[in-house]
Amino acid sequence: MNSPLYIMWLRQLKRYWRSKARIVGSLAQPILFLVALGFGFGPIFQKAGGGSYLEFLAPGIIAMSILFTAMFNGIEIIWDRQFGFLKETLVAPVSRYSIMLGRTLGGATVALIQGIIVFIISLLIGFRPVNLSMILISFIFMFLIAVLFTALGTAIASRLEDMQGFQLIMNFIIMPLFFLSGALFPIESLPEALKIVTKINPLSYGVDGIRACLTGISSLGIFMDFFILLIVSLIILSIGSYLFSKIEI
Amino acid sequence: MDNKKIIEVKNLVKKFGDFIAVNNISFDVEEGKIFAFLGPNGAGKTTTIKILTTLLQPTLGEVKINGFSPVEDTDRVRHSFGIVFQDPSLDDELTAYENMEFHAIFYGINKEIRKKRIEELLNLVELWARKDEQVKHFSGGMKRRLEIARGLIHHPKILFLDEPTIGLDPQTRNFLWKYIVEMNKKEKMTVFLTTHYMDEAERISNKIAIIDHGEIVKIGTSNEIKKQTNSSSLEEAFLKLTGHVIREEHATAKDHMRMGRRVWGGRR
């Protein structure tokens, strides 16, 4: 366990574990969504013939918490950059790819843990997965979206000097990714134009994959979900690595 | 006695767009010497250090560190030097020991040697007792000591110090310089430093270069520079060479960030 990749990964986990306030803070939002939307829209959803809304919503909120945690973890590289720690790693005789990869896998692991915690919370609220043996498969989907969006955050942050652009990222990338992913409502009955947008959105495949595993309902097909996510993750990871390797301090 | 030249810089130029940060400078540093690189704010000191330490690519010119080119032989150059940056570069949320360990692993030092050296160095900078504390609880001086210890784990041939004593009390400054001079004598480690404290530069360095507007305006021992400028102190010589005008630096992204972090408060 002497590789830079491993120690970089471990660092992300230690940082996560040591800021308890952050863990609690980042759980508040998914819990609020689960409770407020789950119980608020539940009766209407049921009346419309959609079945249990909580069953539908929980996978979406798990995906949401992973999306947020992963993106923030990636974007945090701006802090590392401005407050010096990145410099320390960049003058070391280590390839930038292993720095980027270690960091991304670390951030993704953190996001996965966050997703699993939200999953457990949703169980407490009343979410009942239909197929227990598929739970582990759903973790694979969670990890894939975690890698994808940590890498995306890193890629974006590699081109940013400071946190001025943060609001832009929040409002023009993270929020649309979330709302147009089928996390909150079924995408089948959307107008054509919006449907196309959801099809382009990689998070849709993550949400659908997790939902397929946990509730058995899928609109896109679990294998399709898996391959599209895998391919998009690899592409974004390569783009992120490239942009990271071009950072000048 | 002709020593090996461990840093060689020939006709180095660095441009950022239209702005010429470093304008055709040449100098070299002999192995085992302490070399001070002085200049007002924005003179090009940090840019030069960044080029020497592989963080920036030169626009023109030739650089050799320990015989290797920072552009082509990046990894060998990186193994050759340790650096203490102008701004802190520790991970605040890791402990002192973890910061040291992180660095050692990045430089490929195996476990046995790693443990030994970390203990040795942390003792030397008098931080061993607090090795398991997170760095965010450290004072500025303690952080600096830790950074210097960290920069030495891989036994570099050259130590770069970019304004290492800025904002420190005289006790800590004395401690640091004493320690650095000792390392320089004992290990024949070359030291390349920048500072705004002229007395420090005068006291510890063998050779001084004064840089202004990206050009070296004077180079020599402190006595030579004083004699050539008819000055009684290095500070006087420095002011004669670089003028009395106060240099304004633009606020950088970093300053905005500092503000931002204060406003945000929590997230780190």
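A quick note: this is a predicted structure, and the numbers were derived from the prediction, not measured. (Residues numbered from 1 in each chain as written. Chains lettered and ligands numbered in written order. Predicted model: local features only at pLDDT ≥ 70, side-chain atom pairs only at ≥ 80, totals over all residues.)

Trainee: Which residues make up the overall build of chain A, and what values go with them?
Mentor: If you tally the helices and strands in chain A, you get eleven helices and zero strands. Reading the helices (α) and strands (β) of chain A from amino to carboxyl end gives α-α-α-α-α-α-α-α-α-α-α. Relative to the globule expectation of 18 Å for 249 residues, the C-alpha radius of gyration of chain A, 18 Å, shows essentially globular dimensions. Taking the principal axes of its C-alpha atoms as reference, chain A extends roughly 60 × 40 × 35 Å. The burial tally for chain A puts 50% of its 249 residues in the buried class. (Helix = DSSP H or I, 4+ residues; strand = E, 2+ residues; numbered from the N terminus. Rg over C-alpha atoms; globule rule 2.2 N^0.38 Å. Buried ≥ 20, exposed ≤ 12 C-beta atoms within 10 Å, placed from the backbone.)

Trainee: Which residues make up the interface of chain B and chain A, and what values go with them?
Mentor: Across the contact, 29 residues belong to chain B and 26 residues belong to chain A. Counting residues per element, the ones that place at least two in the side of chain B that touches chain A are α2 (74-80), α3 (96-106) and α10 (253-264) of chain B. The leading source of residues in the side of chain B that touches chain A is α10 of chain B, at five residues. Its residues placed into classes, the side of chain B that touches chain A shows 13 nonpolar, eight polar and eight charged. (Contact = placed C-beta atoms within 7 Å. Nonpolar A, V, L, I, M, F, W, Y, C, P; charged D, E, K, R; others polar.)

Trainee: Please set out unusual backbone geometry residue by residue, giving values where relevant.
Mentor: All names here are of chain B. In the Ramachandran plot, Glu-163 falls in the positive-phi region, its phi being about 45° despite a non-glycine side chain. Here Glu-163 shows up in the loop between β6 (158-162) and α6 (170-187). One non-glycine residue, Lys-188, adopts positive backbone phi at about 55°. Along the chain, Lys-188 turns up in the loop between α6 and β7 (190-194). Here Lys-188 falls in the partly exposed class, since 13 other C-beta atoms lie within 10 Å of it.

Trainee: Break down the pairing of strand β5 (residues 81-84) of chain B for me, citing the residues and quoting the values.
Mentor: Residues and elements named next belong to chain B. Here β5 shows no split at all, with Phe-81 and Ile-83 on one side and Gly-82 and Val-84 on the other all buried. Strand direction decides the pairing type here: β5 and β6, joined by four bridges, are parallel. Paired with Ile-83 across the strands is Phe-160, a residue of β6. (Pairing = 2+ DSSP bridges.)

Trainee: Quick one: what's the story with the packing of helix α3 (residues 53-75) of chain A against helix α10 (residues 202-215) of chain A, residue by residue and with numbers?
Mentor: All names here are of chain A. Axis separation between α3 and α10 bottoms out at 9 Å; the angle between their running directions is 135°. Regarding the angle of α3 to α10, the classification is oblique. When you trace α3 past α10, the crossing you get is right-handed. Each of Glu-55, Pro-59, Gly-60, Ile-62, Ala-63 and Leu-67 in α3 lies in contact with α10, whose residues at this interface are Leu-203, Gly-206, Val-207, Ile-210, Arg-211, Leu-214 and Thr-215. Along the lines of polarity and charge, the residues of the contact of α3 with α10 split into eight nonpolar, three polar and two charged. (Axes fitted to C-alpha atoms, helices over the stretch in contact; angles between N-to-C directions. Parallel < 35°, antiparallel > 145°, perpendicular 65-115°, else oblique. Left-handed = near helix turned anticlockwise from the far one by under 90°.)

As far as function goes, none of this settles anything; it's purely spatial.
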